[in-house]
Amino acid sequence: ELAKLKKPTVKNPQLVEALAELKEHSTQGAVKNLMEALKGAQLIAPVIIDNMPEDLDLSDGKQFQTNAKFTMLQQKDGSRYFPAFTDWLEVLKWRNDPEINTVVMTVEQYANLMQRSGEASGIVINPSEQGYLIDRPHLAQLTGLTLPPAASEYRNEPLPEPTLNPKVAFADASTLSNPQLVGAIAAFRKKSTQETELPMIDALFRSQVIAPVQLINAEQDLNMEDGEKHQTQIKFVMVQNNDKKFFPAFTDMEELNRWQNPPEYRTMIIPFLQYAAMFQQNGDAEGIVVNPFREGESVAMPKANVIDLAKRFVHYQRQQQQNRVQLFDLKDKPIDLMKELSAHFEEVPEVHAAYMTGMRVGNKESVMLVLDCDQVEDTKSLFQPAAQIVNRHTNGNPPGIITTQHDMSKSILERTTPFYQE
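Residues numbered from 1 in each chain as written. Predicted model: local features only at pLDDT ≥ 70, side-chain atom pairs only at ≥ 80, totals over all residues. Heavy atoms only, no water.

Colleague: Hey, could you run me through the overall build of the protein in this one?
Modeller: Helices and strands together make up the secondary structure of the protein, namely 15 helices and 19 strands. Partitioning the contacts of the protein with sequence separation of at least 6, the portion at a separation of at least 24 is 69%. On the protein, roughly 24,600 Å² of surface is accessible, and the fraction owed to carbon and sulfur atoms is 45%. (Helix = DSSP H or I, 4+ residues; strand = E, 2+ residues; numbered from the N terminus. Contact = heavy atoms within 4.5 Å. Areas by Shrake-Rupley, 256 points an atom, 1.4 Å probe, with all protein chains shown as cover.)

Dropping the structure here:
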């Protein structure tokens, strides 16, 4: 919903003050003040509107529907950001055009925009000045929304090569069901919004589906025992709509059995992600259609969209793997670190005991601390000094710090003894 297409009169004194403070003193406190100011800010976004009438009147609650294209600015590294201005004067500093079209948006609305599009890497506030960049991870943290990675992060990544395990692929398809995917599709078809689309896409790429295939030069009884090899060619059957061909993907045999007068086929169970990767090898299909014979509830996705979403999903999986926390026992105890932390905790009455184990995130190693401590309102003030001590001993690799109330602490407490106890 667009607001205030004419010259906006918004002011953001708290945000302007926070930006000035950060420019003068780049401290953690200044960043925190800026983030707080952003939560309540009304920001000006320039837009391109093709069909807006000259005499548009939005007074008295009137509305005007149009397709607005949001302007993006490209950085030297190729990443693109939505410009966001604190007031009208900043807009004119950037582009001296009093007739420029603008809308007023909150940070959450920018984040909502980025949930639907992967083009922007974030927002840049007042780009006519030095400009302050806020990337997707910080916007997600600020708004509490889950934001997919920007397209610049994953577009050049190849999809995994399709691989086939015949024993799994040609298992009894009647045992396959996808209740989560079926439910997500039904919710999306009932109300097509981003709140229903994102869970459906996630469920799709995590699912296995049934594909109808034809086997060329195959033995009549294709019995895939361990160690046996069969030379055959697999041809994926496609469905046609208005002279366009699509790969069909069925959530279960009930959906496949809706197909009237199908060609001769065998069923194959295939991960949807692998189905999507086949587009890199087959140029004939226009896209994928899920449950094509369920009237009013099928979902068709064009090839370009499937490939883009598949790459985004693979990138997200890799990021999750890289960010996965692995705990391990420390063979060589970091005595100096333990001594320095113990001396620090002696001055912190809230901490009664502290435990330590090794922690690996991706290829970086640090330690995980578990604190037996009183409940405090601000855990950051309790954790941050200890983290700064650890950083000096781990080449800046940040530690993990949790309390004994955290679920992860149980396994650590079972196999370690406290290095500090009051």
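Colleague: It is not clear to me how helix α5 (residues 136–143) should be interpreted in this structure. Could you clarify?
Modeller: Residue pairs three or four apart in sequence face the same way in an α-helix, which turns once every 3.6 residues. Along α5, the residues that are buried comprise Arg136, Leu139, Ala140 and Leu142. In an axial view of α5, the angular spread of the buried residues amounts to 165°, which keeps them on one side of the axis. Within α5, the exposed residues directed more than 90 degrees away from the buried face are Pro137 and Gln141. Summarising the contacts, the buried residues of α5 are in contact with α2 (28–39), α4 (107–116), β6 (122–125) and β7 (132–135). Gly144 lies just past α5 and shows a positive phi near 80°. (Buried < 20%, exposed > 50% of the residue type's maximum accessible area, 1.4 Å probe, protein only. Arc of directions from axis to C-beta.)

Colleague: I would appreciate a short explanation of the sheet that holds strand β14 (residues 299–302) in the present structure.
Modeller: Pairing between sheet strands relies on hydrogen bonds along the backbone, with the strands arranged either parallel or antiparallel. Here we have four strands laid out as an open sheet, ordered β10-β11-β13-β14, and mixed in their pairing. One side of each edge strand has no neighbouring strand; the edge strands of this open sheet are β10 (239–241) and β14. Within this sheet the neighbouring strands show an average axis-to-axis angle of 35°, counted without direction. Bridge count for strand β11 (residues 244–249) against strand β13 (residues 287–290) is four bridges, and the pairing is parallel. Within the sheet, the bridge partner assigned to Phe246 lies in β13 and is Gly287. Most of the contacts of helix α12 (residues 303–322) go to β14, to which it runs at about 85°, and overall it touches β13 and β14. (Pairing = 2+ DSSP bridges. Axes fitted to C-alpha atoms, helices over the stretch in contact; angles between N-to-C directions.)

Colleague: Any chance you could explain the packing of helix α1 (residues 13–24) against α2 here in plain terms?
Modeller: Contact geometry for α1 and α2: axes closest at 9 Å, N-to-C directions at 160°. By the criterion of interaxial angle, the relationship of α1 to α2 is roughly antiparallel. Judged by the sense of rotation from one axis to the other, the crossing of α1 with α2 is left-handed. Between α1 and α2, the contacting residues are Gln14, Leu15, Ala18, Leu19, Glu21 and Leu22 on the first element and Ala30, Val31, Asn33, Leu34, Ala37 and Leu38 on the second. Partitioning the contact of α1 with α2 into residue classes produces nine nonpolar, two polar and one charged. (Parallel < 35°, antiparallel > 145°, perpendicular 65-115°, else oblique. Left-handed = near helix turned anticlockwise from the far one by under 90°. Nonpolar A, V, L, I, M, F, W, Y, C, P; charged D, E, K, R; others polar.)

Colleague: Whenever I open this one, the nonpolar core confuses me. Can you help?
Modeller: What tends to happen in soluble globular proteins is that the nonpolar side chains get buried as a cluster. Ranked by size, the top nonpolar core spans 39 residues in total, and within it Phe205, Phe236, Phe247, Phe272, Tyr275 and Ile288 carry the most contacts. The leading source of residues in this core is α12, at six residues. Each residue touching Phe236, except ones within four places of it in the same chain, is listed here: Ala211, Pro212, Val213, Phe247, Met268, Ile270, Tyr275 and Met278. Core analysis: the second largest hydrophobic core is formed by 32 residues, Leu19, Leu34, Met35 and Ile134 among them. (Core = buried A, V, L, I, M, F, W, Y, C linked by side-chain atoms within 4.5 Å.)

Colleague: Would you take a moment to explain the sheet that holds strand β8 (residues 208–216) for this structure?
Modeller: Across the sheet, which stays open at both edges, the three strands sit in the order β9-β8-β12 with antiparallel pairing between neighbours. In this open sheet, the two strands that pair with only one neighbour each are β9 (233–236) and β12 (266–271). Adjacent strand axes in the sheet meet at a mean angle of 50°, parallel and antiparallel pairs treated alike. Of the pairings in the sheet, the one linking β8 to β12 comprises six bridges and is antiparallel in character. Counterpart to Ala211 in the pairing with β12 is Met268.

Colleague: Quick question: what am I supposed to make of the environment of Thr86 here?
Modeller: Tracing the chain through its elements places Thr86 in the loop between β4 (80–84) and α3 (88–94). The contacts of Thr86, once residues within four sequence positions are left out, are Val10, Lys11, Asn12, Leu15, Val16, Leu19, Gln42, Leu43, Ile125 and Asn126.

Colleague: Is there a simple way to think about the side chain of Ser207 in this case?
Modeller: Within the fold, Ser207 resides in the loop between α9 (194–206) and β8. The exposure class assigned to Ser207 is buried, which follows from its relative accessible area of 7%. Setting aside its immediate chain neighbours within four residues, Ser207 contacts Asn178, Leu181, Pro271 and Phe272.

Colleague: So what exactly am I meant to see when it comes to a negative patch on the surface here?
Modeller: Residues Glu346, Glu347, Asp372, Asp374 and Glu422 make up a contiguous surface patch of negative charge. Here Glu422 shows up in the segment after β19 (420–421). Glu422 sits in the exposed class, given a relative accessible area of 59%. (Patch = residues over 30% accessible without salt bridge, like charges linked within 9 Å, V, L, I, M, F, W, Y side chains within 5 Å. Salt bridge = Lys/Arg side-chain N within 4 Å of Asp/Glu carboxyl O. Lys, Arg positive; Asp, Glu negative; His and termini not counted. Charge placed at Lys NZ, Arg CZ, Asp CG, Glu CD.)

Colleague: What am I meant to see in helix α14 (residues 379–393) here?
Modeller: Under the 1.5 Å per step criterion, the end-to-end length of α14 is 22 Å for 15 residues, consistent within 8% with the ideal 21 Å. Turning to α14, its buried residues are Leu382, Phe383, Ala386, Ala387, Ile389 and Val390. Immediately beyond the C-terminal end of α14, within one or two residues, lies Asn395, with a positive phi of roughly 55°. (Expected span 1.5 Å × (residues − 1).)

Colleague: How do you make sense of the packing of aromatic side chains when you look at a structure like this?
Modeller: By convention here, two paired aromatic rings are described through the distance between centres and the angle between planes. In this structure the tally under the stated criterion is 13 aromatic pairs. Geometrically, the ring pair formed by Phe236 and Phe247 is edge-to-face, given 6.2 Å between the ring centres and 75° between the ring planes. Placement of the pair is Phe236 in strand β9 and Phe247 in strand β11, with a sequence separation of 11 residues. Judged by relative accessible area, Phe236 falls into the buried class, the value being 17%. Between Phe247 and Tyr275, the ring centres sit 5.5 Å apart and the planes meet at 40°, which makes this aromatic pair tilted. Here the residue Phe247 occupies a position in strand β11, and Tyr275 occupies one in helix α11 (residues 272–277), the gap between them amounting to 28 residues. Looking at Phe247, the relative accessible area reads 1%, which means it is buried. An aromatic cluster is present here, built from Phe250, Trp259, Tyr265 and Phe293 joined pairwise through their rings. One Lys or Arg, Arg360, reaches over the ring of Phe328 and ends 4.5 Å from the middle of that ring. (Phe/Tyr/Trp six-rings, centres within 6.5 Å; stacked < 30°, edge-to-face > 60°. Lys NZ or Arg CZ within 6 Å of the ring centre and 35° of its normal.)

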